[in-house]
Amino acid sequence: MLHVALWEPEIPPNTGNVARLCAATGTRLHLIGRLGFRLDDKSLRRAGLDYWPAVDVVRHVTFEEFEATFQSPGTAVPGLSSRIWLVETPGEVPYTRAVFRDGDCFLFGGESKGLPPGVREKYAGRVLGIPMPTGKVRSLNLATAVGVVLYEALRQLHDW
């Protein structure tokens, strides 16, 4: 199983669309930190349509609580998980150059702020980016970015 994690998402329809994507792909969705909406928000539910019962969603109050989910015994650096990939703008490595494994988690930052600098520093070397060939935009919509990276991982895992 793959995992998608959203750090403090702000826009309900984006999270609803990501939830629908997770339901379609059998991916666990992790929501971390302070959300910019309530989980019973009408626009969140509308974006996820009637697929919410099929979404495997886990709520984490803190980043440390989320991170503990992915700790492996004997991890070289305590508190650092080799299963977590950050997806940010700009990214250090294009997402197409990463090699994904079953159990990996893709962590996306909030729409307006991204991920905290401390998280980016801690996971330096595991920060993926999606190329913007024209240079006319900084980033893609959150749900679009999740879909791009998630389907690349599925392609690799299933040899599509």
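Structure first, text after, so check above.
Nothing here was measured: the structure is a model prediction, and the numbers come from that model. (Residues numbered from 1 in each chain as written. Predicted model: local features only at pLDDT ≥ 70, side-chain atom pairs only at ≥ 80, totals over all residues. Heavy atoms only, no water.)

Draft legend 1. Region of interest: the packing of aromatic side chains. Here the structure, examined in full by the defined rule, presents six aromatic pairs. Centroid distance W85 to F100: 5.5 Å. Interplanar angle 85°. Geometry classified as edge-to-face. Of the two residues, W85 sits in strand β4 (residues 84-87) while F100 sits in the loop between β5 (93-94) and β6 (105-108), which places them 15 residues apart along the sequence. Residue classification places W85 among the buried positions, given a relative accessible area of 10%. Aromatic side chains Y151 and W160 sit 6.3 Å apart centroid to centroid with 35° between the ring planes, which places their arrangement in the tilted category. The class for Y151 is partly exposed, based on a relative accessible area of 37%. We classify W160 as exposed; its relative accessible area is 57%. Taking NZ or CZ as reference, R126 lies 3.9 Å from the ring centre of W85, over its face. (Phe/Tyr/Trp six-rings, centres within 6.5 Å; stacked < 30°, edge-to-face > 60°. Helix = DSSP H or I, 4+ residues; strand = E, 2+ residues; numbered from the N terminus. Buried < 20%, exposed > 50% of the residue type's maximum accessible area, 1.4 Å probe, protein only. Lys NZ or Arg CZ within 6 Å of the ring centre and 35° of its normal.)

Draft legend 2. Focus on the pattern of salt bridges. For the structure shown, the criterion picks out five salt bridges. Residue K122 pairs with E67 through a salt bridge whose shortest N-O separation is 2.9 Å. In this pair, K122 sits in helix α4 (residues 117-122) while E67 sits in helix α3 (residues 63-68), placing the two residues 55 residues apart along the sequence. Given a relative accessible area of 36%, K122 falls into the partly exposed group. Residue class for E67 comes out buried when judged on its relative accessible area of 5%. In this structure, the salt-bridge partner of R120 is E88, at a minimum N-O distance of 3.2 Å. Within this pair, whereas R120 is found in helix α4, its partner E88 is found in the loop between β4 and β5, the two being separated by 32 residues in sequence. Look at R120 and you get partly exposed, because its relative accessible area is 23%. Exposure remark for E88: the relative accessible area of 12% places this residue in the buried category. (Salt bridge = Lys/Arg side-chain N within 4 Å of Asp/Glu carboxyl O.)

Draft legend 3. Geometry of the pairing of strand β2 (residues 28-32). Burial analysis of β2 places four of its five residues in the buried class, which makes it a mostly covered element. As paired strands, β2 and strand β3 (residues 57-60) are joined by four bridges and run parallel to one another. From the neighbouring strand, I32 faces β3, where its bridge partner is H60. (Pairing = 2+ DSSP bridges.)

Draft legend 4. Representation of the pairing of β6. Burial along β6 is two-sided: C105 and L107 facing one way and F106 and F108 facing the other are all buried. Pairing geometry for strand β1 (residues 3-7) and β6, over four bridges, is parallel. When the bridges of β6 are listed, L6 appears paired with F108.

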